[in-house]
Amino acid sequence: MYTIAGRHVLITGAASGIGRALSGCFAREGAHLFLGAHPAEEAKIKTWADELSGRYGVKTWTFPVDLSHADGPETLYWQVNALGLPTDVLVNNAGLIAYGNLHQIPLDRQEQIIRVNALAYFKLMRLILPDMIKRGQGRVLNVSSVSAFQPTAHHAVYGATKAFVQSLSEAVNAELAGTGVKVATFNPSYTNTPLLKGEGFPKQLWWYAFSGLNSPEEVAEKGFQAFKADKSFYIPGWHNWFVHAVLQRFVPRRLAVLISALVLKPRS
Ligand SMILES: NC(=O)c1ccc[n+]([C@@H]2O[C@H](COP(=O)([O-])OP(=O)(O)OC[C@H]3O[C@@H](n4cnc5c(N)ncnc54)[C@H](OP(=O)(O)O)[C@@H]3O)[C@@H](O)[C@H]2O)c1
């Protein structure tokens with residue numbers, strides 16, 4: 001088991017959804033939090049930080065930094081570093097999605113998704129891992145998705161960024177053997193957060209009939225327990241696990257893509 005009390009945990013995208021729920025789990029068990037958020041959510045993240053400090057007696061700091069900016073991840077890293085405190089756990093969580101076909105979604109929007117979902121994850125890991133290795137301890141929890149395991153038609157770039165994060169996390173975790181530092185992924189299925197309520201995202205997808213739309217609190221609690229148990233990857237929900245981690249391996253790739261194109265269509 002990985003102990004949480006007294007750790008310093010950096011969580012990106014902590015103002016809403018899964019990141020907010022995860023930060024609640026870490027605070028409840030006594031971790032001090034560096035809470036990252038988009039600058040548009042500065043007031044919201046400050047209120048949440050005060051609530052966590054008041055409720056659990058932990059220390060909190062807020063960092064409203066835009067991770068899609070060219071030097072956003074570096075800015076966040078240096079701002080946290082300036083406190084002179086170690087980052088014991090990095091939770092890469094901030095994320096974006098856009099629904100539609102690749103040739104129709106504006107190019108700059110898709111580039112922004114790649115910057116936040118892939119480049120920022122990579123950069124923060126690359127910046128923080130050397131400090132963790134020097135101290136001989138640390139954890140990175142990358143919030144990936146079940147979308148990492150097969151292409152996701154109609155939000156192709158999103159799935160591709162999650163596949164990138166998955167491959168990166170597994171490879172780097174292997175490189176870190178014997179250092180005291182580990183990289184894990186947390187792979188939820190579709191979860192009821194603002195991510196799926198943005199402009200253009202359908203109210204219902206056919207796939208929800210199978211996966212359901214989980215609550216962020218429930219999903220985060222399961223992911224948190226798996227993190228504490230030092231699992232290197234975790235998919236909440238046995239049916240999600242069976243489809244994405246087991247069945248998918250035995251289905252021909254072309255069939256998996258075909259199914260994805262059908263079930264990820266809007267359902268009226
Ligand atoms: N919801 C799902 O179905 C689902 C399933 C599997 C995995 N995930 C993953 O879970 C993670 C959290 O997503 P969520 O569902 O909890 O969605 P969410 O509630 O929208 O949370 C994402 C957070 O990231 C922040 N963010 C976006 N762009 C940013 C930027 N440029 N700089 C800094 N922060 C930024 C968002 O701020 P703004 O609100 O201001 O944009 C938001 O607070 C993501 O990595 C997502 O891919 C989600």
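Residues numbered from 1 in each chain as written. Predicted model: local features only at pLDDT ≥ 70, side-chain atom pairs only at ≥ 80, totals over all residues. Heavy atoms only, no water.

Caption draft 1: Representation of the packing of helix α1 (residues 17-28) against helix α2 (residues 42-56). At a minimum axis separation of 10 Å, α1 and α2 run at an interaxial angle of 25°. By the angle between their axes, α1 is roughly parallel relative to α2. In this structure, α1 meets α2 at a crossing whose hand is right-handed. Residues Arg-20, Ser-23, Gly-24, Ala-27 and Arg-28 of α1 form the contact with α2, whose participating residues are Trp-48, Leu-52 and Tyr-56. Partitioned by chemical class, the residues of the contact of α1 with α2 number four nonpolar, two polar and two charged. (Axes fitted to C-alpha atoms, helices over the stretch in contact; angles between N-to-C directions. Helix = DSSP H or I, 4+ residues; strand = E, 2+ residues; numbered from the N terminus. Parallel < 35°, antiparallel > 145°, perpendicular 65-115°, else oblique. Left-handed = near helix turned anticlockwise from the far one by under 90°. Contact = heavy atoms within 4.5 Å. Nonpolar A, V, L, I, M, F, W, Y, C, P; charged D, E, K, R; others polar.)

Caption draft 2: Layout of the packing of α1 against helix α7 (residues 216-228). As a packed pair, α1 and α7 sit with axes 8 Å apart at the nearest point and diverge in direction by 50°. Of the possible angle classes, the one that applies to α1 and α7 is oblique. The way α1 lies across α7 gives a crossing that is right-handed. Of the residues in α7, those in contact with Gly-17, Ile-18, Ala-21, Leu-22, Cys-25, Phe-26 and Arg-28 of α1 are Pro-216, Glu-217, Val-219, Ala-220, Glu-221, Phe-224, Gln-225 and Phe-227. Residue composition of the contact of α1 with α7, by class: 10 nonpolar, two polar and three charged.

Caption draft 3: Fine view of the side chain of Thr-60. The topology assignment puts Thr-60 in strand β3 (residues 60-64). There is a polar contact of 3.3 Å between the side chain of Thr-60 and the backbone oxygen of Ala-49. In terms of polar contacts, Thr-60 uses its side chain to reach the side chain of Ser-53, at 2.7 Å. Contact partners of Thr-60, with chain neighbours within four places excluded, come to Leu-33, Leu-35, Ala-49, Leu-52 and Ser-53. (Polar contact = N/O pair within 3.5 Å; in protein donor to acceptor, adjacent residues only side chain to side chain.)

Caption draft 4: Seen up close, helix α5 (residues 156-175). With 20 residues, α5 should cover 28 Å at 1.5 Å per step; its first-to-last C-alpha distance of 29 Å lies within 8% of that length. Among the residues of α5, those classed as buried are Val-157, Tyr-158, Gly-159, Thr-161, Lys-162, Val-165, Gln-166, Leu-168, Ser-169 and Val-172. The elements touched by buried residues of α5 are α4 (107-135), β5 (138-143), β6 (181-186) and β7 (233-234). (Expected span 1.5 Å × (residues − 1). Buried < 20%, exposed > 50% of the residue type's maximum accessible area, 1.4 Å probe, protein only.)

Caption draft 5: Spotlight on the sheet that holds strand β1 (residues 8-11). The strand order across the open sheet formed by seven strands is β3-β2-β1-β4-β5-β6-β7, and the pairing between neighbours is parallel. Whereas interior strands pair on both sides, the edge strands pair on one side only; in this sheet they are β3 and β7. In the sheet, strand β4 (residues 89-92) pairs with β5 via four bridges, with the strands oriented parallel. Across the sheet, residue Leu-90 finds its bridge partner in β5, namely Val-140. Here α5 sits on the sheet and contacts β5, β6 and β7; the angle it forms with β6, its principal contact strand, is near 155°. (Pairing = 2+ DSSP bridges.)

Caption draft 6: Broad picture of the pairing of β6. With five of its six residues buried, β6 lies for the most part within the structure. Bridge count between β5 and β6: six bridges; the pairing is parallel. Residue pairing across strands places Arg-139 opposite Lys-182, the latter belonging to β6. Handedness of the crossover is the feature at issue here: the chain leaves β5, passes through α5, returns alongside β6, and the resulting connection is right-handed. When β6 meets β7, the two strands line up parallel, connected through two bridges. (Right-handed = clockwise from strand over helix to strand, strands pointing away.)

Caption draft 7: Layout of the environment of His-154. Inspection of the secondary structure puts His-154 in the loop between β5 and α5. His-154 sits in the buried class, given a relative accessible area of 15%. Note: C-alpha distance between His-154 and Leu-264 (110 residues apart in sequence) is 6.8 Å. The residues contacting His-154, other than those within four sequence positions of it, are Ala-98, Tyr-99, Gly-100, Asn-101, Ala-261, Leu-264 and Lys-265. Within the structure, the side chain of His-154 is placed 3.0 Å from the side chain of Asn-101, a separation counted as a polar contact.

Caption draft 8: The arrangement of the pattern of salt bridges in detail. Taken as a whole and judged by the stated rule, the model has 12 salt bridges. For the salt bridge of Asp-230 with Arg-139, the shortest nitrogen-to-oxygen distance reads 2.9 Å. Of this pair, Asp-230 sits in the loop between α7 and β7 while Arg-139 sits in strand β5; the two residues are 91 residues apart in sequence, bridging distant segments of the chain. Overall, the relative accessible area of 9% leaves Arg-139 in the buried class. (Salt bridge = Lys/Arg side-chain N within 4 Å of Asp/Glu carboxyl O.)

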